[in-house]
Amino acid sequence: MSETLKGNLSQLKLVDIMKILCSSQRTGKLSLQNGEEIADIYFLSGAIIHAKYNMTIGENAIYAIFAWSDGIFTFHPNISVKNKTILTPAPEILKRSDTFDSEWEEVRKVIPNTNLVFKMSYGTPSEISLNATEWNILRHINGLDSVREIAGKVEMAILDVAKAFCKLYQAGLIEMM
């Protein structure tokens, strides 16, 4: 596999790409792009050693990329990096990645992407109990900011914010713009 591997995340999921690269003991850089967003994951002999996505580095950068339902990927073999921000063994990262992937699949059934904008609903919501975090997210929903932007404002992981949006949407408290 000395040639470049390319494809679309809508056809081959990130977790599957990572499994292939780890199990085949590859060294190189996996570059990912979704619109204007860019991320890189580095492998050394099948170990995942570094990742960068926006201002996030390390393992959390990998998990943040699972928010993407689409995008292109390119694996560039034999590219190394001096930074080693990931010390967790690849099998453990892949196991966690499977969990993140499954959780995102459930979220995408309600919220197809995190660039969607929601507003308060004028209908009669079902009875719902909200925790402090969900109330905080709810107060930021303004019909202008996307799920991703609100995650940044409340300084929470995008997956946790997206799950809260699902709950609020399914309860009838918010609606898509």
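Preceding this section is the structure that the text describes.
Residues numbered from 1 in each chain as written. Predicted model: local features only at pLDDT ≥ 70, side-chain atom pairs only at ≥ 80, totals over all residues. Heavy atoms only, no water.

Visitor: Mind showing me how you'd approach the packing of helix H5 (residues 147-154) against helix H6 (residues 158-170) here?
Guide: The description of two helices packed together rests on the angle between their axes and the distance between the axes. Taken N-terminus to C-terminus, the directions of H5 and H6 make an angle of 115 degrees; their axes are 9 Å apart at the nearest point. Remark: the crossing between H5 and H6 carries right-handed chirality. Touching Val147, Arg148, Ile150, Ala151 and Val154 of H5 are Ile158, Val161, Ala162 and Phe165, all from H6. In the contact of H5 with H6, the residues fall into 8 nonpolar, no polar and 1 charged. (Axes fitted to C-alpha atoms, helices over the stretch in contact; angles between N-to-C directions. Helix = DSSP H or I, 4+ residues; strand = E, 2+ residues; numbered from the N terminus. Left-handed = near helix turned anticlockwise from the far one by under 90°. Contact = heavy atoms within 4.5 Å. Nonpolar A, V, L, I, M, F, W, Y, C, P; charged D, E, K, R; others polar.)

Visitor: Help me understand the pairing of strand S4 (residues 47-53) in this model?
Guide: For a regular strand, the rule is simple: side chains alternate between the two faces of the sheet. For S4, the tally of buried residues reaches 5 of 7 residues, placing the bulk of the element in the interior. In terms of strand pairing, strand S3 (residues 37-44) meets S4 through 6 bridges, oriented antiparallel. Bridge pairing in S4 links Asp40 to Lys52. Between S3 and S4, which pair antiparallel and follow one another directly, the connecting turn spans 2 residues, one of which, Ser45, has a positive phi of 50 degrees. Sheet topology note: the S4/strand S5 (residues 56-57) ladder contains 2 bridges and is antiparallel. Residue pairing in the sheet places Tyr53 in a bridge with Thr56 of S5. (Buried < 20%, exposed > 50% of the residue type's maximum accessible area, 1.4 Å probe, protein only. Pairing = 2+ DSSP bridges.)

Visitor: Sorry, what's going on with the sheet that holds S5 here?
Guide: Two pairing modes exist for strands in a sheet, parallel and antiparallel, and in both the strands are linked by backbone hydrogen bonds. A sheet is described by the order of its strands in space; here 6 strands give the open sequence S1-S6-S2-S3-S4-S5, paired in antiparallel fashion. Because the sheet does not close on itself, it has two edges, and the strands there are strand S1 (5-8) and S5.

Visitor: Would you take a moment to explain the nonpolar core for this structure?
Guide: A general feature of soluble globular proteins is that nonpolar side chains tend to end up buried together. Counting residues in each nonpolar core, the largest one holds 52 residues, and the members touching the most others are Met18, Leu30, Leu32, Ile41, Ile48, Ile62 and Phe165. Counting residues per element, this core draws most heavily on H6, which supplies 8 residues. Here Ile48 is in contact with Met18, Cys22, Ile41, Tyr42, Phe43, Ile62, Ile86, Thr88, Ala90 and Ile93, once residues within four sequence places are set aside. (Core = buried A, V, L, I, M, F, W, Y, C linked by side-chain atoms within 4.5 Å.)

Visitor: Sorry, what's going on with the pattern of salt bridges here?
Guide: Opposite charge on two side chains allows them to pair when their charged atoms are near. Inspection of every chain in the model, using the stated rule, returns 11 salt bridges. With a shortest N-O distance of 2.4 Å, Glu92 and Arg96 are connected by a salt bridge. Of the two residues, Glu92 and Arg96 both sit in helix H3 (residues 90-108), 4 residues apart, roughly one turn of that helix. Since its relative accessible area comes to 36%, Glu92 is described here as partly exposed. Its salt-bridge partner being Glu103, residue Lys163 comes within 3.4 Å of it at the nearest N-O pair. Of this pair, Lys163 sits in helix H6 while Glu103 sits in helix H3, and the two are 60 residues apart along the sequence. Owing to a relative accessible area of 36%, Lys163 belongs among the partly exposed residues under this scheme. Each of the salt bridges in this network shares a partner with another, and the network as a whole consists of Lys13, Asp101 and Glu105. (Salt bridge = Lys/Arg side-chain N within 4 Å of Asp/Glu carboxyl O.)

Function cannot be read off these values alone, since they describe shape.
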